[in-house]
Amino acid sequence: KQQYHTENPNAFLKMASLPAFNNTSGNVILLSNNVRIDQLDYTEKMHFPMIKNPKGVSLERSSLKRPTNDSGNFRSAAASVGFATPGYKNSQFLDEPSLTEEFSLLSKTFSPDNDGFEDQLQINYRLDKPGYVANINIFNDKGILVRKLCRNLTLALAGSFNWDGLNDFAELSPTGIYLIYAELFDLDGQVKRFRKTCVLASKLSQ
């Protein structure tokens, strides 16, 4: 682990280049006048699972509104832009929707091919009070459980989850229709259940 610090607020503007970061894992800490502004804890496991060799592939932040270390908030840069977008808008950036439903999908279709367009299924929620805990499962069109997305996870008042299309064995699920089933409960015994369908799509072969 390395930490870079300076008392000069303009020092980073004069740096010829950023320091090198470990490829496998590391911590990036942003400081201002000895106050920690933000921190990213990264590992190479955050990369798109179908990438055989992540060397030279940048991790990009998708949302500035979600916590930095929120699961799925950093993803591999899209192959269509050369796996990096220095000086440009992140290829994996997502515009945060105005949530009006308690439980919704950003898009009903996604294609986990790392082309920078709808690579993950984003599941959004907005609750009326704190204290809910979530269990979210994903089933295929035959009713078979393919992914336990979260178990007994304490929720914020609003947030999101991401499904990368992988099953519980880290294998890419086949194209088709899937059911997202969420069960939210609190300590008072109140239970909310939601069902949403989505389509995992793929490009047509030439």
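The structure reproduced in this document is the subject of the present report. (Residues numbered from 1 in each chain as written. Predicted model: local features only at pLDDT ≥ 70, side-chain atom pairs only at ≥ 80, totals over all residues. Heavy atoms only, no water.)

## A few points about the overall build of the protein chain
Turning to step 1, where the next piece is worked out: In terms of regular secondary structure, the protein chain is built from one helix and 12 strands.
Turning to step 2, where the next piece is worked out: By residue count, 35% of the 206 residues in the protein chain fall in the buried class.
Turning to step 3, where the next piece is worked out: Within the protein chain, contacts between residues separated by at least 24 positions form 50% of all contacts whose residues are at least 6 apart in sequence.
Turning to step 4, where the next piece is worked out: About 13100 Å² of surface is accessible on the protein chain, with carbon and sulfur atoms providing 53% of the total. (Helix = DSSP H or I, 4+ residues; strand = E, 2+ residues; numbered from the N terminus. Buried < 20%, exposed > 50% of the residue type's maximum accessible area, 1.4 Å probe, protein only. Contact = heavy atoms within 4.5 Å. Areas by Shrake-Rupley, 256 points an atom, 1.4 Å probe, with all protein chains shown as cover.)

## Considering the pairing of strand β12 (residues 191–200)
Turning to step 1, where the next piece is worked out: Of the strand pairs in this sheet, strand β6 (residues 109–110) and β12 are connected by two bridges, and their pairing is parallel. Residue F110 lies in a different strand from β12, and its bridge partner there is L200.
Turning to step 2, where the next piece is worked out: The pairing of strand β11 (residues 176–185) with β12 spans 10 bridges and is classified as antiparallel. Across the sheet, F185 pairs through a bridge with V191, a residue of β12.
Turning to step 3, where the next piece is worked out: What sits between the antiparallel neighbours β11 and β12 is a turn of five residues, in which G189 has the positive phi angle 90 degrees. (Pairing = 2+ DSSP bridges.)

## Observations regarding unusual backbone geometry
Of all residues except glycine, most have a negative phi; of all peptide bonds, most are trans.
Turning to step 1, where the next piece is worked out: With a phi close to 50 degrees, N33 is a non-glycine residue in the positive phi region.
Turning to step 2, where the next piece is worked out: Counting through the fold element by element, N33 comes out in the loop between β1 (25–32) and β2 (35–43).
Turning to step 3, where the next piece is worked out: Overall, the relative accessible area of 59% leaves N33 in the exposed class.
Turning to step 4, where the next piece is worked out: With a phi angle near 50 degrees, N152 is a residue other than glycine that sits in the positive phi range.
Turning to step 5, where the next piece is worked out: In this fold, N152 is placed in strand β9 (residues 145–154).

## Examining the sheet that holds β12
Turning to step 1, where the next piece is worked out: Taken together, the five strands give an open sheet; going across it, the order is β6-β12-β11-β8-β9, and neighbouring strands pair in mixed fashion. Among the strands making up the open sheet, the edge pair consists of β6 and β9.
Turning to step 2, where the next piece is worked out: Here strand β8 (residues 133–140) runs beside β9; their pairing, made up of six bridges, is antiparallel. Across the sheet, residue V133 finds its bridge partner in β9, namely T154.

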